[in-house]
Amino acid sequence: NNVPLANFRTIRCGSALQCLITTEGNQLVRTTDGGETFSSVVPSNDPTHAVAFAGATRAVAAGLFGSAEVSSDGGATWSSVGSRIAGEFNVLAAVSDAVAYAGGRQGLLARTTDHGQTWANVSPPTDTAITALAGSGDRLYVLASDQTLQRSDNGGQSYSLLNSGRGPFAALHAVDPNRLLLVGFRGLVRTADGGETFQQVADPDVRGALLTAADRAGNAVVVFGARRAAVSLDGGAAWTRITLPRKRLVRDLDFVNARAGFLLDTRGRLWRTSNGG
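Reading the values: the criteria
Residues numbered from 1 in each chain as written. Predicted model: local features only at pLDDT ≥ 70, side-chain atom pairs only at ≥ 80, totals over all residues. Heavy atoms only, no water. Pairing = 2+ DSSP bridges. Helix = DSSP H or I, 4+ residues; strand = E, 2+ residues; numbered from the N terminus. Axes fitted to C-alpha atoms, helices over the stretch in contact; angles between N-to-C directions. Contact = heavy atoms within 4.5 Å. Polar contact = N/O pair within 3.5 Å; in protein donor to acceptor, adjacent residues only side chain to side chain. Salt bridge = Lys/Arg side-chain N within 4 Å of Asp/Glu carboxyl O. Buried < 20%, exposed > 50% of the residue type's maximum accessible area, 1.4 Å probe, protein only. Disulfide = S-S within 2.5 Å. Lys, Arg positive; Asp, Glu negative; His and termini not counted.

(A) Focus on the sheet that holds strand S15 (residues 149–152). In space, the four strands of this open sheet follow the order S13-S14-S15-S16, with antiparallel pairing throughout. Both outer strands of the open sheet, strand S13 (130–136) and strand S16 (160–162), are each paired with one neighbouring strand and no more. Along the sheet, successive strands turn relative to each other by an average axial angle of 25°, direction set aside.

Here it is in structure tokens:
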């Protein structure tokens, strides 16, 4: 399908037709027809480390040395936003159409409240690397490299330490302000009360699985690792296993609803499903 030559890293989709794929360089690979054709775009002179959609066509990209760019046309054109914040950002979380957070080394945390037009440092809850972010509205969850999990109820001004009791964890996913999934190397841990209590998810399709990431898929949630993927339609209480391509390992996966999704394998091949795998 004329996919540009590149070492693919992650894929994020705004709809079943429109997706952006990050690479090891400053190139983004873009499709607007569900993977039938592809084009190459360059948001910045810096390598792009993360990209996310805040709607069907609104996208934000974060890169090396704190660069940030926004697009209103699904990634066809990009404009730089804000002044640079010193440091290296590795994780990005859009918690609403206007609000997003970026985290990095030594507790570096930045926030935008105006669709990425400007960014400002936010008081970090840790001086270790921030490895995952998730949130909804003013509520923010922060996972650090030392596996501490903290919650802010005021946009990062102050924090409370949460006791998940289990781990290690690789990613977070906020279904809403109170429901949070902790994606780990031995399955999932879930809270439905903002982190006051946590329970191991006992569903056999995720229990004990090596999972590394979570993805919002419309009203559903998808979790995945190199050899396992599963979808939940009820905020993470019950799960159904997704069949993956045979003899392939997952590098990244992005679903736009419970049935339509794209998968990057570790050999650099791109797969598409329209029936939930």
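Having put the structure on the table, let's press on.
(B) Examining the sheet that holds strand S21 (residues 213–217) more closely. Read across the open sheet, the four strands follow the order S21-S22-S23-S24; overall the sheet is antiparallel. Among the strands making up the open sheet, the edge pair consists of S21 and strand S24 (240–241). The sheet contact formed by S21 and strand S22 (residues 220–224) spans five bridges and is antiparallel. Each bridged residue has a counterpart across the sheet, and for Arg216 the counterpart in S22 is Val221.

(C) How the structure looks around the environment of Asp265. Locating Asp265 in the fold gives a position in strand S26 (residues 261–265). The spacing of Asp265 and Arg251 is 14 residues in sequence and 4.9 Å in space, taken between C-alpha atoms. Beyond its immediate stretch of four places on either side in the chain, Asp265 contacts Arg248, Leu249, Arg251 and Trp271. A distance of 2.6 Å separates polar atoms of two side chains, one belonging to Asp265 and the other to Arg248.

(D) View of the pattern of salt bridges. Taken as a whole, this structure holds nine salt bridges when the rule is applied. One salt bridge connects Asp252 with Arg12, and the closest N-O pair in it is separated by 3.1 Å. Note that Asp252 is positioned in strand S25 (residues 250–255) and Arg12 in strand S1 (residues 8–13), a separation of 240 residues in sequence. Accessibility expressed as a relative area gives 4% for Asp252, which makes it buried. Under the relative-accessibility criterion, Arg12 is labelled partly exposed at 28%. Arg151 serves as the salt-bridge partner of Glu196, at 3.6 Å between the closest nitrogen and oxygen. Of this pair, Glu196 sits in the loop between strand S19 (187–191) and strand S20 (199–200) while Arg151 sits in strand S15, and the two are 45 residues apart along the sequence.

(E) Quick look at the state of the cysteines. In total, this model carries one disulfide according to the counting rule given. A sulfur-sulfur separation of 2.1 Å characterises the disulfide bridge that pairs Cys13 with Cys19. Handedness here is read from the sign of the S-S torsion; for Cys13 and Cys19, about 100°, the answer is right-handed. Judged by its relative accessible area of 12%, Cys13 is buried.

(F) Inspection of the pairing of strand S10 (residues 100–104) at higher detail. Most of S10 is tucked away: five of the five residues are buried. Covered by surrounding structure in S10 are Ala100, Ala102 and Gly104 together with Tyr101 and Gly103, the residues of both alternating faces. Here five bridges tie strand S9 (residues 89–94) to S10, and the two strands are oriented antiparallel to one another. For Ala94, the partnering residue across the bridge sits in S10 and is Ala100. Hairpin connection between S9 and S10: a loop of five residues separates the two successive antiparallel strands. One ladder, built from four bridges, connects S10 with strand S11 (residues 109–112); its direction is antiparallel.

(G) Up close: the side chain of Asp203. Examined against the element boundaries, Asp203 turns out to sit in the loop between S20 and S21. Despite its burial, Asp203 remains without a salt bridge, the nearest opposite charge being carried by Arg207 at 7.3 Å. Within the local environment of Asp203, its side chain forms a polar contact with the backbone nitrogen of Trp239, the two atoms lying 3.0 Å apart. Leave out the neighbours within four places in its chain, and Asp203 touches Ala238 and Trp239.

(H) The environment of Ile11, seen in detail. Tracing the backbone through its elements, the reader meets Ile11 in strand S1. In sequence terms Ile11 and Leu264 are 253 residues apart; their C-alpha atoms lie 7.6 Å from each other. If we skip the residues at most four places from it in the chain, Ile11 touches Cys19, Leu20, Ile21, Asp252, Leu253, Asp254, Phe262, Leu264 and Leu270.

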